[in-house]
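Structural characterization, general
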Amino acid sequence: MANTYNPYDNVLKTVKDAADILGYSESDIEAIKYPERELKVAIPVCMDDGTTHVFEGYRIQHSTSRGPAKGGIRFHPAVNENEVKALAAWMTFKCAVVNIPYGGGKGGVICDPNKLSERELRAITRRFTAAIAPLIGPDQDIPAPDVGSNATVMGWMMDTYSMLKGHCVHGVVTGKPIELGGALGRNEATGRGVMFTTKNILNKLNVPIQGTTVAVQGMGNVGSITAKLLNEEGMKVVAVSDVSGGIYKADGLNIPAIIDYLSKDRKNLLTGYEEDGITRITNEELLELDVKVLIPAALENQINASNADRIKADIIVEAANGPIASEADATLNQKGITVVPDILSNAGGVVVSYFEWVQNIQSVSWTEKEVNEKLKNIMDPAFEAVWNIAQKEHTTLRTGAYLIAVKRVVEAKKARAIWP
Ligand SMILES: NC(=O)C1=CN([C@@H]2O[C@H](COP(=O)(O)OP(=O)(O)OC[C@H]3O[C@@H](n4cnc5c(N)ncnc54)[C@H](O)[C@@H]3O)[C@@H](O)[C@H]2O)C=CC1
Ligand SMILES: O=C(O)CCC(=O)C(=O)O
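These figures come from a predicted structure and were not determined experimentally.

For the rest of this paragraph, the subject is the packing of aromatic side chains. In this structure the tally under the stated criterion is eight aromatic pairs. Between the aromatic rings of Tyr 261 and Tyr 273, the centroid separation amounts to 5.5 Å while the plane-to-plane angle is 70°, which identifies the pairing as edge-to-face. You can see Tyr 261 sitting in helix 8 (residues 255-263) and its partner Tyr 273 sitting in the loop between helix 8 and strand 9 (279-281), a full 12 residues away along the chain. Pairing Tyr 354 with Phe 355 gives two aromatic rings, centres 6.0 Å apart and planes at 45°, and the pair type is tilted.

Structure below.
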């Protein structure tokens with residue numbers, strides 16, 4: 001990743017493009033250029049070897065205009081302030097485009113979970129939760145899983161926060177273990193939303209679902225569930241990858257076998273996975289494969305000025321947040337590649353997080369079938385609305401999504417009369 005890359009600049013540029021089409025003035029959008037609150041914390045942890053290591057963490061609330069801040073917690077070595085700011089802002093616009101009553105926030109700790117013992121990870125999580133406790137809460141800011149964190153981590157966060165409050169607070173985090181009030185279907189929700197979105201775009205472009213080739217970058221929560229569900233729908237997943245590299249098979253990979261392999265290894269790495277007929281490829285090669293659908297489901301800035309002109313997929317469904325840098329968007333557009341933007345295609349996770357929070361607050365529980373149906377009932381109309389506005393305004397789907405989202409956020413700010 002180039003040192004000069006600042007994903008927050010990407011967000012601001014996209015917001016400005018949409019605001020210009022909407023006819024908003026600089027004053028109208030001034031406030032959404034700045035995160036409302038940023039907290040940087042030091043997290044001292046006693047490591048297994050007895051030494052003390054101080055980790056750095058962040059919780060940033062981009063906006064609470066439409067509701068409490070909402071967004072995941074990332075544990076990754078590349079976490080930095082600009083990244084968390086961008087991730088928080090993307091949450092604001094994601095919640096707006098699917099019209100759920102949240103603003104946007106995000107958190108992160110600079111660490112590599114693959115190099116930590118479970119005890120060390122738990123100690124980081126507990127100390128981090130205590131440090132950001134003044135900012136979070138069911139009515140203020142509700143964390144959830146993101147890269148490097150998961151339901152187990154959310155369980156530790158909920159426990160730590162509840163200890164500080166002196167009573168059980170289910171609604172402080174979502175994506176929790178089912179035993180602690182986690183929503184059925186949350187673990188699969190982001191991938192399921194990506195699957196709905198992929199089917200929607202294929203339908204719009206008159207591309208058959210059966211046998212259509214897909215490559216998925218990243219085989220974590222989002223990528224692996226996406227690959228699984230698309231495979232079950234009859235698409236041919238020919239390539240997948242993770243941080244250790246990728247694998248390719250023209251006839252289609254055995255996705256259930258790959259997921260089974262990954263589930264047996266705590267570090268979740270594809271290294272060592274064997275299947276007849278596979279070729280090992282790099283992540284760069286995966287992105288440049290001649291497939292119908294490319295699904296980046298790992299990190300930001302994977303497609304940028306250095307490789308955009310080599311992308312051969314016809315459709316890119318962004319499952320990761322910010323996988324395409326702004327400067328690459330224009331190149332992809334000129335090449336006739338259709339991009340379905342992150343704030344729409346990966347919104348399934350936060351939508352089911354919203355369902356989890358609603359269930360927690362009301363002390364009720366919905367079946368997985370109910371959750372999945374309600375998710376589809378939000379994702380499909382949101383896709384349709386973005387598609388329609390992009391057609392009407394002759395814009396990309398990304399600009400279309402921001403036309404809807406920016407308008408909702410700006411109008412909410414105006415309705416609250418935040419400025420005199
Ligand atoms: N977990 C969720 O519910 C949601 C996640 N997202 C986004 O989806 C993306 C993936 O998140 P998760 O699947 O939750 O994370 P995860 O931690 O479960 O998986 C991340 C995957 O990316 C791979 N990876 C890491 N660095 C890589 C690199 N340099 N090149 C290729 N692969 C690499 C990892 O090996 C792993 O397979 C992120 O952008 C996240 O913000 C978006 C919406 C919701
Ligand atoms: O489920 C959530 O609240 C947020 C998930 C997330 O971090 C994201 O959509 O990027």
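And the narrative resumes.
Okay, the UniProt feature "active site" (unreviewed entry) in the chain next. Mapped onto the present numbering, the UniProt feature "active site" (unreviewed entry) falls on Lys 106. Relative to the elements of secondary structure, Lys 106 occurs in strand 4 (residues 104-110). Once residues lying within four places of it in the same chain are set aside, the contact partners of Lys 106 are Tyr 58, Arg 59, Ile 60, Gly 71, Gly 72, Val 84, Leu 87, Ala 88, Met 91, Asp 146 and Asn 321.

Let's shift gears to unusual backbone geometry. Peptide bonds are, in most cases, trans, and in most cases residues other than glycine have a negative phi. One non-glycine residue, Asn 206, lies in positive phi territory at about 55°. Within the secondary structure, Asn 206 is located in the loop between helix 6 (186-204) and strand 6 (213-217). Overall, the relative accessible area of 70% leaves Asn 206 in the exposed class. Here the phi dihedral of Ser 363 falls at roughly 50°; this positive angle occurs in a residue that is not glycine. Note that Ser 363 resides in the loop between helix 12 (348-362) and helix 13 (368-393). Overall, the relative accessible area of 67% leaves Ser 363 in the exposed class.

Before going further, it helps to examine the pairing of strand 1 (residues 37-46). Two elements, strand 1 and strand 2 (residues 52-63), share 10 bridges in a ladder whose sense is antiparallel. Residue pairing across strands places Ala 42 opposite Glu 56, the latter belonging to strand 2. The antiparallel hairpin formed by strand 1 and strand 2 contains five residues in its connecting segment, where Gly 50 sits at a positive phi of about 95°.

The five strands are arranged 1-2-4-3-5 in an open sheet whose pairing can be described as mixed. Across the chains shown, the open sheet's two edge strands, defined by having one partner strand only, are strand 1 and strand 5 (141-145). Averaged over all pairs of adjacent strands, the angle between strand axes in this sheet comes to 20°, irrespective of strand direction. The pairing of strand 3 (residues 69-76) with strand 4 spans four bridges and is parallel. The partner of Arg 74 across the bridge, within strand 4, is Gly 108.

Analysis parameters
Here the residue numbering is sequential within each chain, running from 1 through the sequence in written order. The lettering of chains begins at A and the numbering of ligands begins at 1, in the order of writing. Local features in this predicted model are restricted to residues of pLDDT 70 or higher, and side-chain atom pairs are both shown and tallied only at a pLDDT of 80 or more, whereas totals for entire chains, interfaces and linings draw on every residue. Think of the side-chain values as coming from all heavy atoms in the structure, minus any hydrogens and water. Only the six-membered ring of Trp is used, alongside the rings of Phe and Tyr, when aromatic pairs are assigned; centres must lie within 6.5 Å, and planes under 30 degrees apart are stacked while those over 60 apart are edge-to-face, with the rest tilted. Secondary structure elements follow DSSP: runs of H or I of four or more residues count as helices, runs of E of two or more count as strands, with numbering from the N terminus. UniProt positions are given in the numbering used here, feature names are shortened, and annotations may be inferred rather than shown by experiment. In what follows, a contact means two residues having at least one pair of non-hydrogen atoms within 4.5 Å. Relative accessible area decides the class of each residue, using a 1.4 Å probe on protein chains only: under 20% of the type maximum gives buried, over 50% gives exposed, and in between gives partly exposed. Note on pairing: DSSP must find at least two bridges between two strands before they are called paired. Interaxial angle, 0 to 180 degrees, is taken between N-to-C directions of lines fitted to C-alpha atoms, where a helix line uses only the stretch in contact.

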